[in-house]
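# Working through the structure, step by step
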Amino acid sequence: MKLMTKLITVAVFACCLAACQGEKGESNSQTAQSQNADQLQTKFLTIGTGGASGPFNIIGTSLSELYAQKFGVNSKTQTTGASVENLNLIDQKKLEMAFVMNDSLNDAVMGVGSFQKKVENVRSVAALYPNYVQIVASSKSNISSIEDLRGKRIAVGAHGSGVELSTRTLLEGFGITYKDIRPDYLGFAEAADGLKSGKLDAAFFTSGMPNSSLMELQQGFDLKLIAIPTDKLTEFAKTKTFFVTETIPKGMYGNGEDIPTAAILNTLVVRSDLSDDDVYTLTKALFENLNKLQNAHQAANGIQVENAQQNLIAPLHPGAQRYYDEVGASK
């Protein structure tokens, strides 16, 4: 009887031990799956941004740091001439992700304008925030409208930038070509210096607001924002649909009233060969940590998951689509 009792006790102990080991094994498996969910298949993630002082670079740097910390991936930003250059680098597989303006993206997927052939390996992740066309001159100048730019020396944006492309397109919409002005291909910081020194008559600062170079310029320069008439822009936007009417709010740069202007949406894009799992994970991390991007730059306040699929030019990456379906974000 005692022997039978001992055998039963041993059997019960063995069953309990096996069950515990099974639970531990299941727990370890779940932990491994959780860890795998927080990893990326790609080991490198280079994000194309723009000029050092622009919102693209500031927000992109914050996003890059987030990805590096969260996933342990070699994530970094590449300062570039912005949209056009970023799309060419995507095409050459030198970037995995990039910030671009929709007018440049439109030309890239169509293979027109600055692009000799279609950029076919680009996919959208999210519509971001609008870039506002901010045309600046000295308050002492005789420039009061976009038509007054004829014959003037103007910073039109850096070579290979979406700023330069949108400047050219917008001026043409008002019947002004580069033959009618003296263009200087300068980034934001250089353009601000040119205005301050008097070497420039006006400059285009097409970016999210506020533009840090303009904020600095405002401190020691009596600037004037040049309005873009809403009625003429509305007519022009019937053919250039990536342009929308917007307003630079009163007080943004010391302006005493709202200034009507044009805006173009920005899009975060990736190479099409990034895996669906990676792009899903990157998209999820972006929207679950928006506060970090918003702390980096005020323009990121315009990024919302509800609007992330609006007005997309390039096809949406399936990985991003999976995330939007998961959270119930409408198209």
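Figured I'd write up the structure that's included with this text. Sequence order sets the numbering: in each chain, residues are counted from 1 along the sequence as written. Predicted model: local features are reported for residues with pLDDT of at least 70 only, side-chain atom pairs are reported and counted for 80 or more only, and whole-chain, interface and lining totals are derived from all residues. Heavy atoms throughout the structure, all of them, feed into the side-chain values; hydrogens and water do not.

## Remarks on unusual backbone geometry
The criterion, for reference: Helix numbering and strand numbering both begin at the N terminus, where a helix is a DSSP run of H or I of at least 4 residues and a strand a DSSP run of E of at least 2.
Cis rather than trans, the peptide bond between M209 and P210 has omega equal to -5 degrees. With respect to the helices and strands, the residue P210 is situated in the loop between β8 (202-204) and α7 (212-220). A positive phi angle is found at K93, which is not glycine, with a value near 60 degrees. Residue placement: K93 occurs in the loop between α3 (83-91) and β3 (97-101).

## Description of helix α6 (residues 188-197)
To keep things clear, this is the line we draw: Throughout, exposure labels follow a simple rule: accessible area from a 1.4 Å probe, protein chains only, divided by the maximum for the residue type, with under 20% read as buried, over 50% as exposed, and the rest as partly exposed. Comment: arc refers to directions from the helix axis out to C-beta atoms. In what follows, residue pairs with any heavy atoms lying within 4.5 Å of each other are defined as contacts.
Inspection of α6 places F188, A191, A192, G194 and L195 among the buried residues, and these make up the whole buried set. Seen along its axis, α6 keeps its buried residues to an arc of 160 degrees; they face one direction. What points out from α6, more than 90 degrees from its buried face, is the exposed set D193 and K196. Buried-residue contacts for α6 involve β5 (135-138), β6 (153-155), α5 (162-173), β8 and α7.

## Focus: the sheet that holds β5
Neighbouring strands of a sheet are bound in pairs by backbone hydrogen bonds; such pairs are parallel or else antiparallel. Just so we agree on the cut-off: Here, a strand pair is defined by DSSP locating no fewer than two bridges between the strands. To get an axis, fit a line to the C-alpha atoms, keeping to the stretch in contact for a helix; angles then go from 0 to 180 degrees between the N-to-C directions.
The mixed open sheet is built from 5 strands, whose spatial order is β7-β6-β8-β5-β9. The strands lining the two open edges of the sheet, one partner per strand, are β7 (182-184) and β9 (223-226). Within the sheet, the average angular offset between the axes of one strand and its neighbour, ignoring direction, is 30 degrees. Bridging between β5 and β8 involves 3 bridges; their strand directions are antiparallel. By the bridge assignment for β8, I135 is matched with F204. The sheet strands contacting α6 are β5, β6 and β8, and the helix crosses β8 at an angle near 165 degrees.

## A word on the packing of aromatic side chains
Applied cut-off: Each pair of aromatic rings taken from Phe, Tyr and Trp, with Trp reduced to its six-membered ring, is defined by centres within 6.5 Å and is described as stacked if the planes are under 30 degrees apart, edge-to-face if over 60, and tilted in the remaining cases.
Throughout the structure, instances matching the rule amount to 10 aromatic pairs. Ring centres of F236 and F243 lie 5.6 Å apart, and the angle between their planes is 40 degrees; on these two criteria the pair is classed as tilted. Of the two residues examined, F236 and F243, each falls in the buried class. One aromatic cluster in this structure is built from Y280, F287, Y323 and Y324.

Read these as layout, nothing more, since geometry by itself doesn't imply function.
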